[in-house]
Amino acid sequence: MNWNAWLPLLMVASSLLPGLVIFGLGEQRFRLRTALNLSGALAKLALVGWMLWGVYHGQHFETRLPLLPDLDLVLRAGPLSLLFVTLSAGLWLLTTIYAIGYLEGSPHRSRFFGFFSLCVTATVGVAMSGNLITFLLFYELLTLATYPLIVHRGTEEARRAGQSYLVYTLCGGAALLLGTVWLYTLTGTLEFTPRGFIHAVGEEHHLALVVIFILMIGGLGVKAALVPLHGWLPKAMVAPAPVSALLHAVAVVKAGAFGIIRVVYEVFGVERAAMLGLTGPLAVVAAVTIIYGSVRALFQDDLKRRLAFSTISQVSYIALGVAIAGPIATIGGVVHLVHQGLMKITLFFCAGNLAETLGIHKISEMNGVGRRMPWTMAAFTVGALGMIGAPPIAGFISKWYLGLGALEVGQGWVLLVLAGSSLLNAAYFLPILYRAWFRAPADAWPHEHDFGDKETAWALLLPPVITALLALGAGLLAAAPFSPLEWAQLISQREFYQP
Amino acid sequence: MSNSINALSLWLVVVWPLLLVIPALHSRLPSPRHLAILPAALLAVMPGDASHVLPWLMFGTGLSIEGDSRWILLMAVTVWLAAATVCNKQLAQNRSTVLFLLTLTGNLGVILAADLVGFFVFAALMGYGFYGLLVQGSDVAVRRAARLYLIFLIIADLALFEALLLAAFATKELQFAAVQQAVTETPLYLWLVFAGFVLKAGIWPFHLWLTAAFKSASQSALLLLGGAPVAMALLGMERWLPLGDTAVYAMGTVAQVVGVAALLYATLRFFTHMQMKTLPAWGLVATSGIFVAFIGTGLTYPAVWQQYEYLAYPLIAALGLLPTLVVIIARLEGRHQTTDVQLVDVSISWAAGWGRLIQQWLTKSLAGVQALAGFFETKALELPQYLHQWQTLLDDAERRLRRWTVAITLLSLLALAVALLAIG
Amino acid sequence: MAAIFLEIPWAVVLILLPLSGAMACFLWPAVAKSVGLVTVSMLALSVAGLVWQVMEYGVYRHAVGGWGAPLGIDLYADGLSLLMLAMTALVGLAVSIYATGYFEQPHAARFWPLWLLLLAALNALFLAADIFNLYVTLELMGLAAVALSALSGSRDALGGAMRYLLATLLGSLAYLFGVALLYHGFGSVDMAILGQRLEATPIVWAALALMTTGLALKTALFPFHFWLPPAHASAPAPVSAVLSALVVKASFYILLRLWLEIFGPLGVEGVETLLGLLGAAAVLWGSVQALRQTRLKLLVAYSTVAQIGYLFLAFPLAAGSGITAWNAVAYLALSHALAKAAMFLVAGNLLRFGGHDRIADLDRVVQRLPLTVTAFALAGVSIMGLPPSGGFIGKWLLLEAALQQGRWDLAVVMMLGGLLAAGYVFKVLGFAFTQAGVPHESKTVPASMEWAALLLAVAAIVLGFLAAPLLALVGIGAPFGISEVAP
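Here's a quick rundown of the structure.

Conventions adopted
- Residues numbered from 1 in each chain as written.
- Chains lettered and ligands numbered in written order.
- Predicted model: local features only at pLDDT ≥ 70, side-chain atom pairs only at ≥ 80, totals over all residues.
- Heavy atoms only, no water.
- Helix = DSSP H or I, 4+ residues; strand = E, 2+ residues; numbered from the N terminus.
- Rg over C-alpha atoms; globule rule 2.2 N^0.38 Å.
- Buried < 20%, exposed > 50% of the residue type's maximum accessible area, 1.4 Å probe, protein only.
- Lys, Arg positive; Asp, Glu negative; His and termini not counted.
- Charge placed at Lys NZ, Arg CZ, Asp CG, Glu CD.
- 1 Å grid on protein atoms, 1.4 Å probe; cavity = no way out; pocket = protein on both sides within 12 Å on 5 of 7 lines; lining within 4 Å.
- Points joined across faces, edges and corners; volume = space filled by probe spheres on them.
- Nonpolar A, V, L, I, M, F, W, Y, C, P; charged D, E, K, R; others polar.
- Salt bridge = Lys/Arg side-chain N within 4 Å of Asp/Glu carboxyl O.
- Patch = residues over 30% accessible without salt bridge, like charges linked within 9 Å, V, L, I, M, F, W, Y side chains within 5 Å.
- Areas by Shrake-Rupley, 256 points an atom, 1.4 Å probe, with all protein chains shown as cover.
- Contact = heavy atoms within 4.5 Å.
- Polar contact = N/O pair within 3.5 Å; in protein donor to acceptor, adjacent residues only side chain to side chain.
- Buried area = accessible area lost by both parts, 1.4 Å probe.
- Core = buried A, V, L, I, M, F, W, Y, C linked by side-chain atoms within 4.5 Å.
- Axes fitted to C-alpha atoms, helices over the stretch in contact; angles between N-to-C directions.
- Parallel < 35°, antiparallel > 145°, perpendicular 65-115°, else oblique.
- Left-handed = near helix turned anticlockwise from the far one by under 90°.
- Phe/Tyr/Trp six-rings, centres within 6.5 Å; stacked < 30°, edge-to-face > 60°.
- Pairing = 2+ DSSP bridges.

A few words now on the overall build of chain A. In terms of regular secondary structure, chain A is built from 20 helices and two strands. Relative to the globule expectation of 23 Å for 499 residues, the C-alpha radius of gyration of chain A, 22 Å, shows essentially globular dimensions. Evaluated residue by residue, chain A yields a buried proportion of 67% over its 499 residues. Looking at chain A, you have 30 positive and 25 negative side-chain charges, and the mean spots of the two groups are 5 Å apart.

Given below as structure tokens:
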């Protein structure tokens, strides 16, 4: 195989190999472990950069290995894959730095970072997969790799959260497998093709296609936390903050949403899916999830749980953008993949900072924290305002395109959903900001760690600030070349019929 | 050359205060608040129109200054200078400076914005920043008023966002002139814009927060009340609505009615209570009512508007300066008045009561939905317990299978079955 | 040089080598360990040689003593036999390495001869070309297996072994009757010849009934699985591994061969449906029982019962789906052998370390043996049918066969089986991450034992990527098509 065929495989290996080595390291080998982690993350980022440059110059990257006699394992670099891979690689580097700072002194770090690397391997595999069976392979691997991260702390609560997670995700995986095999028996191929590959399936299989769609979206919807399959997400908050950050911004939830994008656009084809009457119900489910998640978030006092429900709500924007089935709405849904990732990971990093530095877990304990930790709360403010949709942060751009897209296909009711969601977001984020900035602090923080003059450790402070700046930049410079928005526009063009 | 100077002078007005937000910078400079207003002051006195667009910023936005908007810029500079001078003696902390600078940036940006998106972004910045200025170091009454202001602000921003989307859908270019021409066919846009700016400006009957804030807000906030939220909202109304082109009877009539009612109400309230401290507040309500009526007339009779539209900007400018003037006069006279808190509390708590009711209803229905969502999961996790209940049964069955009599019987049955099936 | 290697009759070596090894171990017990290990390593090499030979020359048929069929004994190696032989060699090698650490004198002296005898019987069984030879090797294998499971000599072990003995004899007896009937009816015991001559007569039906029943009993198909759990519970860990991985597969292999060569062409759909039904029941019953167990070895034993059921699900699917269903069976059998053996070796490690195998108390033990836990996790992935593993490939192929023919019932049973398997695997794995209480006294586990388990589990995972070449290998000689006519 030539170099172009090796590159996708190397991309997957760049986190797999360090991960396997880290498993074997003792707890005390701090330096070696950090070195392995960071070198893996940087190597992956370098490979991503190379691939971007290559694709920009018209090169073709594809790894193809035989898996079954008539199905291959395919890793391919296309615009959608590259979008997700760049997001994953960049955020993995930041989360690694954060995790190194966060877990300092905790037990079982080698085990943690080993599974952490496996998790990213699986995510990159999901992103680069070129057909449904490769996707399925890495998707299930993701489930297996994230379970040990959720139960990492070893408490009874963690074990039950892990159990709940497994029940949901394994059932989802079974549904996805069933749907995939069935589709394979109908079409004979599983390669992702722009505008779908089910053209040849005749009219008599109409019902079968509908059931397959339901099975697949159901299986993917578990990870994407569509109501009523979202129950595992709030419980999984028991995991350490870097895990929540990674899971909710980059890996698991995004993999589910990414899968929905792939299935609707490159398996069924959005126009065919609309003809089969599948996109309407999906839009309704997405809308219900958006509102339900926001309403539940209103009543949570635990900060991470509030953020969890906010995630449930926000990721469904992507599903909504997909289900509206218009070119502009597609742009909105796809670009929100990136924007939500940046904003949500900022929020989780900040929540982790508060817990680690001051022992704050509840919102009612957050009075006046803006004075004690200004940079952290500034980043949190940027993320929260972005979630509300305040310009010029990235969330505004996504909502803009979703709204325009809804108008384009005459689905005005979506604007109401967007408005309601923004209102609810404001209702549960603004009180947090108010408490942090405008209330006087209590006498003592629940559990303060001393960092001297600094606000908190560098490794904990830098990542959220960087991601907040990126979220701001993604919105401010949305019309600049190479912005996520422009990328999403490119992707949207490929999926619709151009006469 | 002159092009780049124009561009620089325009953008500097907005960028300079933002730069000063960095604590390291503004703690080193003397009187940073005054310094921040400097570029704006310079621009206001510079002759000639200017405009500049940055295509890569957001969707391609820009700033511009033309003849009439100079009035407003001058008004803003004056008001902010006054506010900066007043609060120099008060809390000169980091946070209040940051809020001051952010709100200032928003205000200046609103005046200079050349298209709808820029206007919206800067208005949002200004609105939220002003909330911060209101709330800072204030008592319970003002905080309640500020909360009401915030709620109105959020709803207004939502309405304006939807209107923005409608405008973007109708036309590609979002400059004011282009939008005004394109949206005359979309009544929803007009209503959304009207509602949004009415909420932002505190027009009767949404004036509660305005009058409540005037009771005991800090001096600088009082000064800014006219120039910032109210004046800018009226400016927005003037720019976003298609005045002078076609007649829009329904909305025009409503606007006229609201404006006149506001004027009447304000006059009545003031004269029945007669407190000097509240004069600026009611004066604002009255004047903004006059302006709204003016707008309404313009919507109903475009010809009239074209005749008198040159009055619009000076009116807004005067409105902005009103509280400043009155406050300065009041300070010079040195009078103190008692506050009248109860009435305000009642009205605000009425809104809060409704809010609580909705919350209770939501909680109840949520419990129901939650039960449904958790149903699947609890059933699945209860599986081992179900099996436990069947334990004796299963154990029993296994034991039975183990007995030889049973096994041999089953074996013979199987052989028979296979044979029969093979024949059949 | 290479040519010489190709000319050695590897098939004969595969049978004679372990036999002589067994005798050597019996005569010189002091060196039993080394002799055993060397023999098994050579076996692995011989299998590799045979594979090479078959890939070069095609299907291998060798007349022992120069006397061909229908009078003499033939050795026959096509793709399916090769797969089974390779499975035996791999599992055998890992178990032998494990056993060097597990057994000490005097047990070792009794283990090695019996073990090598078992291997010889297995190899001969997979190479046999006529049904009487199959009986002989089957009986030999059964007796060796019974003796091995009684090795520890405790009362429970003897009880379990006794039951196993009776079951195995009963099954073989039924099979023998069937052989006699066929011989009486058609005058030959060679499978190829029988395949040609067979017609649908009452004799054939009776033979079919008897042979199916006997083999079903020996393969522990529901509801005839009652002998399996007790035998496993008290047998030493390497013996349990061999029982579940290899011995039950041998009788299944015979059933498969009979079906493909002799009975299949008769068109017995009713029987196929019945077998499928029993297989589905086995999957569900075995999984549910496994979920309930409190001892690890019993949990794994019931898991075997469930996995055997999967193999029988292919019978109703074979007619309509071409070779997809049979390919699935081959792959499932192979990956199950590797994964199940790994699981039993893990159970042995845990037993050695903590002195017990109660699942509820495993958390104190499991955290001190990371390699062992990893082995269990990887083996569990294959058992659950999650990618990437051999189990996933087998499950995919079987699902494909089922959905192609619209057999929803079987597809649902397969998915349910996978989910229940996840239930009992994670029941054990959940303890790997909890905070352990007070650790109690432990004995060290030799590295050879831990690594043997881990390597088997890794092999099960690696199988997930070797489907294309392996299935091509299995296809040599078209075992799933119409069998070749013997010269």
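What follows concerns empty space enclosed by the protein. Going through the model one piece at a time under the given rule, you end up with nine cavities of 30 Å³ or more. Counting only elements with at least two residues in the lining of the largest cavity, the list comes to α17 (394–408) of chain A together with α6 (116–135) and α7 (140–170) of chain B. With four residues, the top contributor of residues to the lining of the largest cavity is α7 of chain B. When its residues are assigned to classes, the lining of the largest cavity shows ten nonpolar, two polar and two charged. As a volume, the second largest cavity reaches approximately 110 Å³. Around the second largest cavity, the lining is made up of 14 residues, and of these Leu 170 and Ala 174 of chain A together with Met 384, Leu 386 and Lys 395 of chain C lie nearest the centre. Counting only elements with at least two residues in the lining of the second largest cavity, the list comes to α6 (156–187) of chain A together with α18 (408–429) of chain C. Residues of the lining of the second largest cavity, tallied by class, amount to nine nonpolar, three polar and two charged.

For the rest of this paragraph, the subject is the pattern of salt bridges. Residues and elements named next belong to chain A. A complete count under the given rule lists 15 salt bridges over all chains for this structure. Between Arg 160 and Glu 156 there is a salt bridge, with its nearest N and O atoms 3.7 Å apart. Taken together, the residues span about one helical turn, with Arg 160 and Glu 156 both in helix α6 at a distance of four residues. Salt bridges sharing common partners tie together Glu 62, Arg 64, Asp 72, Arg 76 and Glu 191.

Looking now at a nonpolar patch on the surface. A surface patch of nonpolar side chains, amounting to about 480 Å² of accessible area, comprises Tyr 301, Val 304, Tyr 308, Tyr 310 and Leu 311 of chain B. Turning to its location among the elements, Tyr 308 of chain B is positioned in helix α14 (residues 302–308).

The next subject is the interface of chain B and chain A. The interface of chain B with chain A comprises 40 residues on the first partner and 40 residues on the second. Put simply, chain B and chain A have zero salt bridges between them. Here chain B is connected to chain A by zero residue pairs in polar contact (both at pLDDT 80 or more). Sorting the residues of the side of chain B that touches chain A by element identifies α5 (94–112), α6, α7 and α16 (342–381) of chain B as the ones contributing at least two each.

Let us now look at the interface of chain B and chain C. Residue-level contacts link 22 residues of chain B with 28 residues of chain C. Taking both sides of the interface into account, the surface hidden between chain B and chain C amounts to around 2,400 Å²; carbon and sulfur atoms contribute 80%. Linking chain B with chain C are zero salt bridges, by the criterion used here. Put simply, chain B and chain C have one residue pair in polar contact (both at pLDDT 80 or more) between them. Mapped onto the side of chain B that touches chain C, the elements with two or more residues apiece are α17 (383–389), α18 (391–402) and α19 (404–423) of chain B. In terms of residue count, the dominant contributor to the side of chain B that touches chain C is α19 of chain B (13 residues). Its residues assigned to classes, the side of chain B that touches chain C shows 18 nonpolar, one polar and three charged.

A general feature of soluble globular proteins is that nonpolar side chains tend to end up buried together. Formed by 541 residues in total, the largest nonpolar core has its most connected members in Phe 268 and Trp 400 of chain A, Tyr 189 and Trp 240 of chain B together with Ile 131, Tyr 175 and Trp 396 of chain C. When residues of this core are assigned to their parent elements, the largest contribution, 21 residues, is made by helix α14 (residues 324–354) of chain C. Contacts of Tyr 189 of chain B, omitting those with residues within four sequence positions, involve Leu 116, Ala 163, Leu 166, Ala 167, Val 179, Val 183 and Trp 240 of chain B.

So, on to the packing of helix α5 (residues 107–127) of chain C against helix α6 (residues 131–149) of chain C. Residue and element names in this part refer to chain C. At their nearest, the axes of α5 and α6 sit 8 Å apart, and the two run at 155° to each other. As the angle between them shows, α5 and α6 are arranged roughly antiparallel. As α5 packs across α6, the resulting crossing turns out to be left-handed. Contact residues: α5 offers Phe 111, Leu 114, Trp 115, Leu 118, Ala 121, Leu 122, Ala 124 and Leu 125, while α6 offers Leu 134, Thr 137, Leu 138, Leu 140, Met 141, Ala 144, Ala 145, Ala 147 and Leu 148. Looking at side-chain class alone, the contact of α5 with α6 contains 16 nonpolar, one polar and no charged residues.

The full count for this structure, using the stated rule, is 45 aromatic pairs over all chains. Each ring, one from Trp 80 of chain B and one from Phe 100 of chain B, has its centre 5.0 Å from the other, and the planes form 85°; the classification is edge-to-face. Linking Trp 80 of chain B in helix α4 (residues 69–87) with Phe 100 of chain B in helix α5, this pair joins segments that are 20 residues apart in sequence. Residue Phe 100 of chain B is classed as buried on the basis of its relative accessible area, which comes to 2%. Here the aromatic rings of Phe 119 of chain B and Trp 240 of chain B are separated by 5.9 Å at their centres, their planes lie at 65°, and the arrangement is edge-to-face. With Phe 119 of chain B in helix α6 and Trp 240 of chain B in helix α11 (residues 219–240), this pair connects stretches of sequence that are 121 residues apart. There is no split in this pair, since Phe 119 of chain B and Trp 240 of chain B are both buried. Among the aromatic residues, those joined into a cluster by ring pairs are Tyr 98, Tyr 102, Phe 103, Phe 111, Trp 112 and Trp 115 of chain C.

Further remarks concern unusual backbone geometry. In this structure, Pro 392 of chain A follows Pro 391 of chain A across a cis peptide bond, with omega equal to -5°. On the secondary structure map, Pro 392 of chain A appears in the loop between α16 (374–388) and α17. Of note, the amide linkage connecting Phe 222 of chain C to Pro 223 of chain C takes the cis form, showing an omega dihedral of -5°. Following the sequence through the fold, Pro 223 of chain C ends up in the loop between α9 (202–218) and α10 (228–234). For Ala 225 of chain A, which is not a glycine, the phi torsion comes out positive at approximately 60°. Considering the arrangement of structural elements, one finds Ala 225 of chain A in the loop between α7 (206–223) and α8 (232–235).

Attention now goes to a negative patch on the surface. Residues Asp 49, Glu 66, Asp 68 and Glu 309 of chain B make up a contiguous surface patch of negative charge. Overall, the relative accessible area of 38% leaves Asp 68 of chain B in the partly exposed class.

Now for the pairing of strand β1 (residues 50–54) of chain B. Sheet topology note: the β1 of chain B/strand β2 (residues 61–65) of chain B ladder contains five bridges and is antiparallel. Across the sheet, residue Val 53 of chain B finds its bridge partner in β2 of chain B, namely Gly 62 of chain B.

Shape is all these values report; function is a separate question.
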